[in-house]
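Fold and contact review
Residues per chain, in single letters:
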Amino acid sequence: MSFLGFGGQPQLNSQQKISAAEAELDLVTDMFNKLVDNCHKKCVQASYNEGDLNKNESSCIDRCVAKYFETNVKVGENMQKLGNAFGGAGKF
Amino acid sequence: MSGEEGSKSASVAGNAMKKPGYTNPAFKAMGIPPLRLPSRNWMLFWTVLTVSVSGIVYDKHQQKKITQKWCKVVEPLSQRKLAVHEKPRKITVFIAPPPSDYLDTSMGIWRRYVKPVLYSSGVDYEVFTEEKQGLIRVEVAERIRELRRELIKHEAELRRYEEEAKLWNRCKRALSQGLNQLKSKEEIDEEKEKLLALKFKAEFDYKNLLGVFLNNPRRDLEVVSEDALVSNPTMAGGVICIGRGAYKEYMDGLHEGILGPLSPAKENSSPKEEVSQSASLVDHELETEEVTKPLEDSTPAPTSIESTKDEITAEKTDSETTELPKPIPKPYISPEDYAQAKLPKELTSGGTIREFGSDVPAIFHQPVLVLPMPNLVGFLNIPERIYRFYRRRYAAEAFCKATSSCVLQKIRPFEPSMDLDLAKFEENDWPKKWIKEGESKGSEWVRELKGDDRVLSKLSVFEPSLTESTDFKDE
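Within every chain, residues take consecutive numbers counted from 1 along the sequence as written. Going through the entries in the order they are written, you letter the chains from A and number the ligands from 1. Only residues with pLDDT of at least 70 are given local features in this predicted model, and only at 80 or more are side-chain atom pairs given and counted; all residues enter the totals for whole chains, interfaces and linings.

1. Quick notes on the overall build of chain B
In terms of helices and strands, chain B carries 16 helices and eight strands. Residue burial is a threshold on neighbouring C-beta atoms within 10 Å of the residue's own C-beta, all placed from the backbone, with 20 or more meaning buried, 12 or fewer meaning exposed, and counts in between meaning partly exposed. Looking at chain B as a whole, 29% of its 475 residues are labelled buried. Within chain B, counting contacts between residues at least 6 apart in sequence, those at least 24 apart form 84% of the total. The secondary structure listing takes helices from DSSP runs of H or I that are at least 4 residues long and strands from runs of E that are at least 2 residues long, numbered from the N terminus. Residues are defined as contacting one another if the C-beta atoms placed from their backbone atoms lie within 7 Å.

Below you can see the structure in the form of structure tokens.
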């Protein structure tokens with residue numbers, strides 16, 4: 001009944017489930033790596049005078065991560081909206 | 001004939017009056033006309049233009065230098081180390097718009113003079129802004145009430161635990177001897193299994209399986225705020241109020257939270273009083289529509305209590321999604337009743353009251369800094385405004401100095417006789433018409449600030465005059 005638009009999600013077998021989980025893990029790892037990259041570039045000084053973070057760096061990282069997540073969520077929501085709009089247009 | 005001659009002679013005289021100016025053959029060869037001073041009117045024009053523009057440029061330049069100077073002063077603080085499990089000191093900033101003006105004006109001051117200093121000192125900050133009178137008061141009061149509620153809950157839980165422990169011990173002693181003999185060994189094993197399963201479930205954590213924490217030796221460190229580590233509560237955190245109005249609301253909120261009841265009082269007062277109370281919810285533009293709204297809401301007594309309660313929670317969660325401005329909850333206690341109100345039991349325990357979870361000292365233990373926000377509005381004030389515009393560097397110096405006194409923690413105890421009037425001179429700038437309208441509507445901004453000694457004795461303030469740009473030394 002899914003072609004009418006109110007069928008439930010198609011049943012997945014375990015192989016598909018695993019691949020979906022893998023894709024999700026990939027996505028999360030990718031985001032995490034990007035986040036670490038960006039915030040490191042932005043906040044941590046490249047001269048590496050000390051092993052520890054100082055206050056400026058840690059609060060910078062704090063803000064950077066918060067902003068990154070917020071942006072990520074917002075972009076994701078928008079993309080989903082877009083996707084829904086397209087999906088809705090494609091359906092009968 | 002004679003007329004023509006006259007005009008000719010005049011033009012000749014005009015040519016003669018024109019000064020020859022400076023030139024030399026080389027200039028002539030290049031086609032550069034003789035250099036001479038422009039006429040009187042042009043001279044006036046250029047002088048006025050240069051003076052006014054250069055005044056602005058100079059002022060801006062000085063402002064920048066001043067801000068940089070104070071950023072440099074506090075910079076050593078940000079170079080200190082911070083362990084990965086620690087959170088830096090956090091300062092709460094309350095910003096209110098000036099009377100008959102927009103929030104942008106005060107945000108400008110925050111962005112230009114206060115934020116850079118805070119940023120370069122490496123402290124964390126939380127900004128709370130309002131577009132309408134009363135939001136800051138509600139926020140502060142609600143924070144304290146929440147803390148009080150948790151304190152009461154915590155105390156009750158402690159008592160319950162104690163009683164339970166007593167009862168449990170008695171039961172256990174009585175039963176253990178009899179029961180152990182009755183139970184077979186298998187049953188005990190089963191129970192053990194169940195307990196182990198429960199334990200496994202309770203202790204299950206993804207950190208033990210995957211992720212960046214997997215092989216991190218410091219993963220068991222709990223995140224702790226720097227504010228929670230200091231023993232003297234006045235050295236923790238801090239509050240900055242930008243503008244006299246924000247300060248008034250902050251103080252009202254403190255009193256309301258500490259002395260007021262935990263839930264809004266029942267409305268059995270006469271309708272006349274209701275008018276005056278609800279009128280304090282007027283926003284800065286003092287629109288008349290806003291006043292009528294809370295009035296309509298407040299007529300049925302029991303429902304309105306619920307609705308205000310809902311609004312408090314709603315205010316926090318969806319401040320941006322609401323399109324219709326909601327009426328701001330009335331204060332739970334009026335300044336006249338401060339003296340009669342009792343200090344709540346949960347706050348009199350002595351010592352410092354700390355927030356649950358974070359262990360940070362409560363907001364009334366943290367010192368407060370008031371930044372006066374001089375802001376003139378109106379057509380007739382334009383000369384004074386221009387004068388101030390050209391002298392903004394002095395204001396910048398004051399703002400930056402005050403902010404660094406907050407960062408460097410120059411603290412003294414609160415003195416009720418003079419500290420209630422902090423930044424009071426700012427009220428001279430407030431438009432007379434606005435004040436009159438506010439008085440007729442019972443706005444809390446135009447009311448005289450009243451405090452209660454029991455509350456005020458808990459407070460302390462940052463003193464900008466104790467700061468010197470040279471006195472900071474990193475150890």
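There is more to say, and it comes next.
2. A closer look at the UniProt feature "domain: Tim10-like" (unreviewed entry) in chain A
UniProt positions are given in the numbering used here, feature names are shortened, and annotations may be inferred rather than shown by experiment. Under the local residue numbering, the UniProt record ascribes the feature "domain: Tim10-like" (unreviewed entry) to residues 19-81 of chain A. Measuring from the first to the last C-alpha atom of residues 19-81 of chain A gives 24 Å, for a span that is 83% helix and 0% strand.

3. Digging into the UniProt feature "coiled-coil region" (unreviewed entry) in chain B
The feature "coiled-coil region" (unreviewed entry), as given by UniProt, occupies residues 137-171 of chain B in the numbering adopted here. Taken end to end, residues 137-171 of chain B is 100% helix and 0% strand, and its two terminal C-alpha atoms sit 51 Å from one another.

4. Details of the packing of helix 3 (residues 40-78) of chain B against helix 4 (residues 103-120) of chain B
Residue and element names in this part refer to chain B. Two elements in contact, helix 3 and helix 4, have axes separated by 7 Å at closest approach and are oriented at 25°. Viewed along their axes, helix 3 and helix 4 adopt a mutual orientation that is roughly parallel. Considering only the axes of helix 3 and helix 4, their crossing is right-handed. Facing helix 3, whose interface residues are Thr-67, Trp-70, Cys-71, Val-74, Glu-75 and Ser-78, helix 4 presents Tyr-113, Pro-116, Val-117 and Ser-120. Under the scheme applied here, ten amino acids are nonpolar (Ala, Val, Leu, Ile, Met, Phe, Trp, Tyr, Cys and Pro), four are charged (Asp, Glu, Lys and Arg), and all others, including Gly, are polar. Tallied by class, residues from the contact of helix 3 with helix 4 come to six nonpolar, three polar and one charged. Interaxial angles span 0 to 180 degrees and are taken between N-to-C directions of axes, which are lines fitted to C-alpha atoms, for helices over the stretch in contact. Orientation labels follow simple angle bins: below 35 degrees gives roughly parallel, above 145 gives roughly antiparallel, 65 to 115 gives roughly perpendicular, and whatever is left gives oblique. The handedness criterion is simple: a crossing whose near helix is rotated anticlockwise from the far helix by less than a right angle is left-handed, and one whose near helix is rotated clockwise is right-handed.

5. Some thoughts on the nonpolar core
All names here are of chain B. Definition of nonpolar core: a set of buried Ala, Val, Leu, Ile, Met, Phe, Trp, Tyr and Cys residues joined via C-beta atoms within 7 Å. Judged by nonpolar contacts, the single largest core of 59 residues is most densely connected at Phe-94, Ile-240, Cys-241, Ile-242, Ala-246, Tyr-250 and Leu-369. Among the elements that make up this core, the one with the highest residue count is helix 5 (residues 135-182) (eight residues). Discounting residues that sit within four places of it in the chain, Leu-369 has contacts with Gly-238, Val-239, Ile-240, Ala-402, Cys-406 and Phe-462.

6. So, the packing of helix 3 of chain B against helix 13 (residues 392-407) of chain B
All names here are of chain B. Where helix 3 meets helix 13, the axes come as close as 9 Å, and the angle between the chain directions of the two elements is 10°. In this view, helix 3 runs roughly parallel relative to helix 13, as classed from their interaxial angle. When helix 3 is examined against helix 13, the residues Asp-59, Gln-62, Gln-63, Ile-66, Thr-67, Trp-70, Val-73, Val-74 and Leu-77 are found in contact with a partner set consisting of Arg-392, Arg-393, Ala-396, Glu-397, Cys-400, Lys-401, Ser-404 and Val-407. Tallied by class, residues from the contact of helix 3 with helix 13 come to eight nonpolar, four polar and five charged.

7. A short note on the pairing of strand 3 (residues 124-129) of chain B
Residue and element names in this part refer to chain B. Relative to strand 3, strand 2 (residues 90-95) runs parallel, the two being bridged by six bridges. Note that in strand 3 the partner of Val-93 across the bridge is Val-127. In this region the chain leaves strand 2, passes through helix 4 and returns to the parallel neighbour strand 3; the handedness of that crossover is right-handed. When DSSP finds two or more bridges between two strands, those strands count as paired. By convention a crossover is right-handed if, when the strands point away from the viewer, the path from the first strand over the helix to the second runs clockwise.

8. Focus on the interface of chain A and chain B
Across the boundary between the two partners, chain A contributes seven residues, which contact ten residues of chain B. Counted by class, the side of chain A that touches chain B contains one nonpolar, four polar and two charged residues.

9. Details of the confidence of the model for chain B
All names here are of chain B. Across the chain, each position has a pLDDT score giving the predictor's confidence in that residue, from 0 to 100. With 80% of its residues at a pLDDT of at least 70, chain B reaches an overall mean of 81. Across residues 1-7 the pLDDT falls below 50, and counting only partners more than four positions away or on other chains, this stretch makes zero contacts in the model. Below pLDDT 50 for its whole length, residues 9-14 participates in zero contacts with residues either more than four positions away or in separate chains. At the level of chain-chain contacts, confidence expressed as ipTM amounts to 0.71, with global pTM at 0.75.

10. Quick word on helix 8 (residues 244-259) of chain B
Between the first and last residue of a helix there are one fewer steps than residues, each counted as 1.5 Å, and that sum is the expected span. Taking 1.5 Å as the rise per residue, helix 8 of chain B with 16 residues should run 22 Å; its terminal C-alpha atoms sit 22 Å apart, in good agreement. Across the 16 residues that make up helix 8 of chain B, a large majority, 16, are buried.

11. Some words on the environment of His-85 of chain B
All names here are of chain B. Among the secondary structure elements, His-85 is positioned in the loop between helix 3 and strand 1 (86-87). Accessibility expressed as a C-beta count within 10 Å gives 12 for His-85, which makes it exposed. Expressed as a C-alpha distance, the spacing of His-85 and Leu-369, which sit 284 residues apart in the sequence, is 28 Å. Apart from residues no more than four positions distant in its own chain, His-85 is found in contact with Arg-218, Leu-221, Glu-222, Val-223 and Val-224.

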